[in-house]
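Close look at the chain arrangement
Letter by letter, the chains look like this.
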Amino acid sequence: MFENQFNLICETINSGILILDKDLNVKFWNRWMEVQTKIKEEDIKDKNLLDFYENINSKILSRKIKTTLRLNSSTFYNSEQINYLFDIKLNKIADSVFYNMQQSITISPFDLEKELVVVYVYDTTLLRETNYKLKKSKKELEEKNDEFQRMINALTEGLIISDEYGNCEIINKYGKELLRLKKNTRIKEKKLLDFVCEKSKDLVKRNLESGDIRTYEVYIKRDDDTYFPAIVSGQVIQLDNKKKRISTIIDISNLKEKDRLITRQAKLADMGQMIANIAHQWRQPLSLISTTASGLKLYEELGKLESQTLNDSLDQIMLTTAHLSQTIDDFKNFIKDDKEKTVFDLNEIIQKDLTLLEGIIKTSHIKIVINRKNEDIIMKGYPNELTQAIVNIITNAKDVLEDRNIEERYIFIELEKINSYGYLRIYDNANGINDDIIDKIFEPYFTTKHKSQGTGLGLFMTHRIIKDSMDGEVVVKNLKFTHKGKEYKGACFTIELPLHKL
Ligand SMILES: Nc1ncnc2c1ncn2[C@@H]1O[C@H](COP(=O)(O)OP(=O)(O)OP(=O)(O)O)[C@@H](O)[C@H]1O
Ligand SMILES: [Mg+2]
């Protein structure tokens, strides 16, 4: 009864079972062994195992068997040293690693008197294969990780990887330098916002929440509490089902410094222009004052000075002086920086520009043709800066009309409101801008004028003011048009500015 049960178990179990005596003669060979080795029990029974498997290391196996019997307890083959006992070829599966079935072997005492042991053979191919693959992918992962570290460390911008709540996880080498991370600061204990200056925090919070990819300017706080201006951008990626944010930081302190220098130079250049303008505008009133004064002197010398003449002349002089001081105020206001945004009418700005430029426009014999399509074009922003932007365009038109000796000189100014934008078009009849330079004219220091005349900063400032301060656009193209039946060609600058929402 038991023997039957024993047999049943041996035949159905999914492992090899065989019984050996201490000389390695086979006494039992279960069904699994038959199937796997393709050797029938009847063929191998009472024969020596080595006759069938000459490659088996008989010394080790015999020693193991003897130990088992002597100690009356199970022994194992160390799986690290021997991967299989029976050479069983595997059907080659596409991605399998091994050619032979990997086995783990247990030898247990069976009959001490007859000196028999039972040998269990377990197929561990799958396990080992999994293990092997696991090790391989771990190695690959480590390599990839190394590669990744090397890669992010090679970046010339700071990089921080954080989780979706802004907890920092990884920072690259350059990032550590930028943020002047102290030796004892652990990046994993920091939040992204810890590295943002108070005044930039709201902006960063908003951008973190909105989750879209953006590049924007902020002030970054270093680990030593100093700070610097930076351009940052963030991108959210999905990694192992978790959201990660990759943030990059570029230090723009140097750029900012350059920017400031250019702006200052441009301001100085503008100041020069303005002084030239004042000189123009003062010439006439000054000569008026001087003639009136010398007239008075003449009358007095001739003894013909009447009190009426004296009064009239003094009135004239006072009026002209008032005009002079008004011009000075206009220029002073213009040069002054706007501190706050104000609401203004574009029509008024144009009026102001033309007053400022009145002098030089007259001396250059230029006719201004204004076409106002709307009563009011209300916007909000920095009127003095906008005035400067427009003055630069008109001054250029004046320059080119003079330089090219255009006979009849025109500057056209058109103002119009379309939907929620105000449009200002300024064009001249000086034949336009060469195609090969038209793309460059907004760049700083680009000029076709002689050194003493142009710095090449005029249109650069115009562009900056319109785009950055006024949230608008400025574009240029060459235009052909007719005026009073005549055909003309010239550069046309179009400025688009958002209207003020009431
Ligand atoms: N209306 C125009 N017609 C033809 N060329 C123009 C016109 N306006 C600008 N340009 C060209 O664009 C160049 C750049 O203009 P920008 O105002 O930036 O500098 P600039 O006038 O040369 O010097 P700056 O204004 O600093 O004194 C000019 O040198 C000129 O060649
Ligand atoms: Mg200019």
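These numbers come from a predicted model, not from an experiment.

Basis of the calculations
- In this convention, every chain numbers its residues from 1, walking through the sequence in written order.
- Chains carry letters from A onward and ligands carry numbers from 1 onward, assigned in written order.
- Restriction of local features to residues with pLDDT of at least 70 applies here, the model being predicted, together with a cutoff of 80 or more for giving and counting side-chain atom pairs; totals for whole chains, interfaces and linings are based on all residues.
- Helix numbers and strand numbers start at the N terminus; a helix is a DSSP run of H or I with at least 4 residues, a strand a run of E with at least 2.
- Note on method: radius of gyration uses C-alpha positions; expected globular size equals 2.2 Å times residues raised to 0.38.
- We call two residues in contact whenever the C-beta atoms placed from their backbones are within 7 Å.
- Here a residue counts as buried when 20 or more other C-beta atoms sit within 10 Å of its C-beta, as exposed when there are 12 or fewer, and as partly exposed otherwise, the C-beta atoms being derived from the backbone.
- Only when DSSP finds a minimum of two bridges between them are two strands counted as paired.
- Put simply, a nonpolar core is a cluster of buried Ala, Val, Leu, Ile, Met, Phe, Trp, Tyr and Cys residues tied together by C-beta atoms within 7 Å.
- Only the C-beta atom, placed from the backbone, is used; a residue is near a molecule or strand if that atom lies within 6 Å of it.
- Amino acid classes used here: Ala, Val, Leu, Ile, Met, Phe, Trp, Tyr, Cys and Pro are nonpolar; Asp, Glu, Lys and Arg are charged; the rest, including Gly, are polar.
- Here an angle of 0 to 180 degrees is reported between the N-to-C directions of two axes, which are lines fitted to C-alpha atoms, with helices fitted over the stretch in contact.
- Orientation is classified from the angle alone, with under 35 degrees giving roughly parallel, over 145 giving roughly antiparallel, 65 to 115 giving roughly perpendicular, and any other angle giving oblique.
- Helix crossings fall into two classes, left-handed where the near helix is turned counterclockwise from the far one by less than a right angle and right-handed where it is turned clockwise.
- UniProt positions are given in the numbering used here, feature names are shortened, and annotations may be inferred rather than shown by experiment.
- To estimate the expected span of a helix, subtract one from its residue number and multiply by 1.5 Å.

**Quick notes on the overall build of the protein chain**
Within the protein chain, the regular secondary structure consists of 13 helices and 17 strands. For the protein chain, whose C-alpha radius of gyration is 47 Å, the value lies well above the compact-globule estimate of 23 Å for 502 residues. Based on the C-alpha atoms only, the size of the protein chain along its principal axes is roughly 160 × 55 × 45 Å. Sequence separation of 24 or more characterises 58% of the internal contacts of the protein chain that already satisfy a separation of 6 or more.

**Some remarks on the pairing of strand E13 (residues 378-381)**
The two faces of E13 differ: Met-379 and Gly-381 on one face are buried, but Ile-378 and Lys-380 on the other face are not. Judged from the four bridges that link them, strand E11 (residues 342-345) and E13 form a sheet pairing that is antiparallel. Within E13, the position partnered with Val-343 by the bridge is Lys-380.

**Focus on the nonpolar core**
Counting residues in each nonpolar core, the largest one holds 46 residues, and the members touching the most others are Leu-346, Ile-390, Ile-394, Ala-397, Ile-411, Ile-426 and Phe-493. The leading source of residues in this core is helix H12 (residues 383-403), at nine residues. Excluding its chain neighbours within four sequence positions, the residues that come into contact with Ile-411 are Ile-366, Ile-368, Ile-394, Ala-397, Ile-426 and Asp-428. Core analysis: the second largest hydrophobic core is formed by 19 residues, Leu-49, Phe-86, Ile-105 and Val-119 among them.

**So, the site of ligand 1**
The full set close to ligand 1 counts 21 residues, and Asn-396, Thr-447, Gly-454, Gly-458 and Leu-459 are the nearest of them. At the level of elements, H12 and helix H13 (458-469) are the ones that each hand at least two residues to the shell around ligand 1. When residues of the shell around ligand 1 are assigned to their parent elements, the largest contribution, four residues, is made by H12. A per-class count over the shell around ligand 1 returns 11 nonpolar, eight polar and two charged.

**Let's talk about the packing of helix H11 (residues 346-363) against H12**
Pairs of packed helices are described in terms of their axes, by the angle between the two and the distance that separates them. Direction vectors running N to C along H11 and H12 enclose 40°, while the axes themselves pass 9 Å from each other. Taken as axis vectors, H11 and H12 run oblique relative to one another. The way H11 lies across H12 gives a crossing that is right-handed. Each of Ile-349, Lys-352, Asp-353, Leu-356, Leu-357, Ile-360 and Ile-361 in H11 lies in contact with H12, whose residues at this interface are Pro-383, Leu-386, Thr-387, Ile-390, Val-391, Ile-394 and Lys-398. The residue inventory of the contact of H11 with H12, partitioned by class, reads 10 nonpolar, one polar and three charged.

**Focus on the UniProt feature "coiled-coil region" (unreviewed entry) in the protein chain**
Cross-referencing UniProt, the feature "coiled-coil region" (unreviewed entry) maps to residues 127-158 in the present numbering. What you have in residues 127-158 is 88% helix and 3% strand, and the ends, taken at the C-alpha atoms, are 44 Å apart.

**A look at the sheet that holds strand E15 (residues 421-428)**
One open sheet accounts for five strands, arranged E12-E14-E15-E17-E16; its pairing is mixed. The sheet terminates laterally at strand E12 (366-372) and strand E16 (473-483), the two strands that pair on one side only. Here the average twist between neighbouring strands, direction ignored, is 20°. The sheet contact formed by E16 and strand E17 (residues 486-498) spans 11 bridges and is antiparallel. Looking at the pairing, Glu-473 lines up with Glu-496 of E17. Sitting on the sheet, H12 touches E12, strand E14 (409-418), E15 and E17, and the angle it makes with E15 is about 15°. Across the sheet, H13 lies against E16 and E17, angled at about 115° from E16, the strand it touches most.

**Description of the sheet that holds strand E6 (residues 158-163)**
Read from one edge to the other, the open sheet built from five strands follows the order E7-E6-E10-E9-E8, with strand pairing classed as antiparallel. Two strands close off the open sheet at either side, each with one partner strand: strand E7 (168-171) and strand E8 (214-221). Geometrically, the sheet is characterised by an average inter-axis angle of 30° between neighbouring strands, direction not taken into account. As defined by bridge partners, E8 adjoins strand E9 (residues 227-239) across eight bridges and the pair is classed as antiparallel. Directly across from Glu-217, in E9, lies its bridge partner Ile-231. The strands touched by helix H8 (residues 201-210) within the sheet are E8 and E9, with E8 carrying the most contacts at an inclination of about 140°.

**Describing the packing of H12 against H13**
Contact geometry of H12 with H13 gives a least axis separation of 9 Å together with a crossing angle of 145°. Crossing angle aside, the handedness with which H12 passes H13 is left-handed. For the pair formed by H12 and H13, the contact residues are Glu-385, Leu-386, Gln-388, Ala-389, Asn-392, Ile-393, Thr-395 and Asn-396 on the first element and Gly-458, Leu-459, Met-461, Thr-462, Ile-465, Ile-466 and Ser-469 on the second. In terms of residue class, the contact of H12 with H13 is made up of seven nonpolar, seven polar and one charged.

**What about H13?**
Its 12 residues give H13 an end-to-end C-alpha distance of 16 Å, which sits within 8% of 16 Å, the value for a rise of 1.5 Å per residue. When you tally the buried positions in H13, you get nine out of 12 residues, the bulk of the element. The complete set of buried residues in H13 reads Gly-458, Leu-459, Phe-460, Met-461, Thr-462, His-463, Arg-464, Ile-465 and Ile-466. Of the residues flanking the end of H13, it is Asp-471, one or two places downstream, whose phi is positive at about 55°.

**Structural notes on unusual backbone geometry**
A positive phi is found at Leu-24, a non-glycine position, where the angle reads about 75°. Mapped onto the secondary structure, Leu-24 falls in the loop between strand E1 (16-21) and strand E2 (26-29). Given 17 C-beta atoms within a 10 Å radius, Leu-24 is considered partly exposed. The backbone of Asn-405 sits at a positive phi, close to 50°, despite the residue not being glycine. For Asn-405, the position within the fold is in the loop between H12 and E14.

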